[in-house]
Structures are given as C-alpha cells and as structure tokens.
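# A closer look at the structure
As a plain string of letters, each chain reads:
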Amino acid sequence: MRRIRTFFITGLVVLLPAAVSLWIAWRVAAFMDSLFGIWADYLTMSLFGFRVPGLGLVLTLSFIVFVGAFATNYVGRRLIELGERILLRLPFIRWMYTTTKQVVDAVAATNRDAFKRVVLVEYPRKGIYAVAFVTGAGRGEVQDVTAEDVINVFLPTTPNPTSGFLLLVPRHEVIPLEMSVEDGLKLVISGGVVSPGSRDPVPVSNPAVVSPGDGGARR
C-alpha cells in the first residue's frame, strides 16, 4: 500500500500540471471560439451547409490582430484615446477599466522590463526578509525629500503577485539576488515550494542593483 501511495502521488505530480494547463488552454480557446461562434456558424451553414469547427477562434484571433494593427496608426491611436476618455467618465466602468488596464500593462510583453531584478529586503521588520522586485530608481519628489538614495521596490503578495506594496528602500539596504525574475515569480506564487537552486552570494554593497538605465545615482 505504501508503494501504491507513492506511485499515486508521483503520477499526480506528473499529470496534474499538464492536465490543468490543457484544461485552461481548452477553456480559453472555447471562450474565444464562442465570441464569433454564432456568426461563424450562420455564415458557414449558409454557404456550405455545415459548421466549421474552430472558425470562431480563427475569426477572434484575426480580429485581435486587426485591432492591434489599427491601434498602431495615428487615426487608431486617436480613436482609442477618445474611447478611453469616454470610459473614464463613467463611474463604475472607469474603475473596472483602469484596474484591468493596469493589470494587463503589468504583464504585457511591452512591460517585461518593469521587474528589473530580484532582491531581498528586510520587511516587515529587521531580521525578516521578503522577496521583492526592483522597478526603478527613486526620482522626483519622493527622492528629493529623503536623506538617502532610494530604490523603488515592488513587494508582491502570495500567491497573487499582481497585488502588493511599493516600498522605497535605501540602496544600501537592498540585497540583490542572482535568480531570474521568472524564478522569483515562481518562488512567490508557490509560497516558497518552488525554489531556484543556490548560487554564489552577491555582495550586499553590489552597485548593480539598479543598472544605469534605471536612473542611476540620486539626482
């Protein structure tokens, strides 16, 4: 019975990630197929007399590509800005739109560099360390009113890294890590269950916590 239990747990560990991934992909594909599904079924039934499976998905993907291409030209940008101004005037819709847009912008490919590297900060008190992500150097008023050179650090919550805290930490108190941002996110999302391998420690005084492109020294 002990061997059977071991085999069962091992099989579960092997199959569950693949099963969940395939289920999510199937649900997303089914949702996208349903967006234009009724129109696609009507069109194919009228022209060919039978339904073409997946045509709604193809039309949805084509529509997304068309909107992306339209948004890259001058007229498209102006129309999108006009639409955003209208949405931002609607009380409840404004909150939903801005929240969704911030989340999408945070994970979009164009903002991949928003999380520049993984660090440790002593939070919520000295002697306790939290995994955080450098988002840039302190600038403007927040830097002018502080006595030390600070770094903008995002401290995510577990298991949902899209929420968290913005901390302005003195540069010399930030401990840089060599793990990739992807490994850092895995560590946060899993609650420490998935941990990257050990590497040579990085000196605490390492000036490369924020690269020159992040704003460098205090202005």
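The structure contained in this document is the topic of the report that follows.

Conventions used here
- Per chain, residue numbering runs from 1 following the sequence as it is written.
- With the structure being a predicted model, the display of local features is reserved for residues of pLDDT at least 70 and the display and counting of side-chain atom pairs for 80 or more, all residues being used for whole-chain, interface and lining totals.
- Excluding hydrogens and water, the side-chain figures rest on all heavy atoms present in the structure.
- Exposure above 30% relative accessible area and the lack of any salt bridge qualify a residue for a patch; like charges then connect within 9 Å, and the nonpolar side chains Val, Leu, Ile, Met, Phe, Trp and Tyr within 5 Å.
- For the accessible areas, the method is Shrake-Rupley and the probe is 1.4 Å, while residue cover comes only from the protein chains on display.
- The term salt bridge refers to a side-chain nitrogen of Lys or Arg lying within 4 Å of a carboxyl oxygen of Asp or Glu.
- Labels follow the DSSP assignment, with helices taken as runs of H or I lasting at least four residues and strands as runs of E lasting at least two, numbered in each case from the N terminus.
- For the purposes of this section, nonpolar cores are sets of buried Ala, Val, Leu, Ile, Met, Phe, Trp, Tyr and Cys residues that join through side-chain atoms within 4.5 Å.
- Between buried and exposed lies partly exposed: a residue is buried under 20% and exposed over 50% of the maximum accessible area for its type, with that area taken using a 1.4 Å probe on protein chains only.
- We call two residues in contact when some of their heavy atoms are within 4.5 Å.
- N or O atoms closer than or at 3.5 Å make up a polar contact, with two conditions inside protein: a donor-capable atom paired with an acceptor-capable one, and, for residues adjacent in sequence, both atoms drawn from side chains.
- Strands are treated as partners if at least two bridges between them are detected by DSSP.
- To get an axis, fit a line to the C-alpha atoms, keeping to the stretch in contact for a helix; angles then go from 0 to 180 degrees between the N-to-C directions.

## Describing a nonpolar patch on the surface
Nonpolar side chains collect at one region of the surface, where Leu61, Phe63, Ile64, Phe66, Val67, Phe70, Tyr74, Val75, Leu79, Leu82 and Ile86 lie side by side and expose about 1,000 Å² of accessible area between them. Within the residue set of the nonpolar patch, elements represented by two or more residues are α3 (55-71) and α4 (74-87). Counting residues per element, the nonpolar patch draws most heavily on α3, which supplies six residues.

## Considerations on the nonpolar core
Membership of the largest hydrophobic core is limited to eleven residues, which are Val119, Val121, Ala130, Ala132, Val134, Ile151, Val153, Leu155, Leu167, Val169 and Val174. Put simply, the parts of the chain that give this core at least two residues each are β1 (117-122), β2 (129-137), β3 (150-156) and β4 (164-170). Not counting chain neighbours up to four residues away, the residues in contact with Ala132 comprise Arg117, Val118, Val119, Val121, Val153, Phe154, Leu155 and Pro156. In this structure, Val118, Val131, Phe133 and Leu177 belong to the second largest nonpolar core, which totals seven residues.

## A word on the side chain of Thr60
With respect to the secondary-structure elements, Thr60 resides in helix α3. Looking at Thr60, its side chain comes within polar contact range of the main-chain oxygen of Gly56, at 2.8 Å. If we skip the residues at most four places from it in the chain, Thr60 touches Met32, Leu35 and Phe36.

## A short note on the sheet that holds β1
What the five strands build is an open sheet, ordered β4-β3-β2-β1-β5; its pairing is antiparallel. Edge positions in the open sheet fall to β4 and β5 (175-176), since each of these has one partner strand only. Strand direction decides the pairing type here: β3 and β4, joined by seven bridges, are antiparallel. Across the sheet, residue Phe154 finds its bridge partner in β4, namely Leu166. Lying over the sheet, helix α7 (residues 181-189) contacts β1, β2 and β3, oriented at roughly 140° with respect to β2.

## As for the pairing of β2
Remark: a regular strand shows side chains that alternate across the two faces of the sheet. Burial runs high along β2: seven of the nine residues are buried. Relative to β2, β1 is paired through six bridges, and the arrangement is antiparallel. Note that in β2 the partner of Val118 across the bridge is Phe133. By the bridge criterion, four bridges tie β2 to β3 in an arrangement that is antiparallel. Across the sheet, Val134 pairs through a bridge with Val153, a residue of β3.

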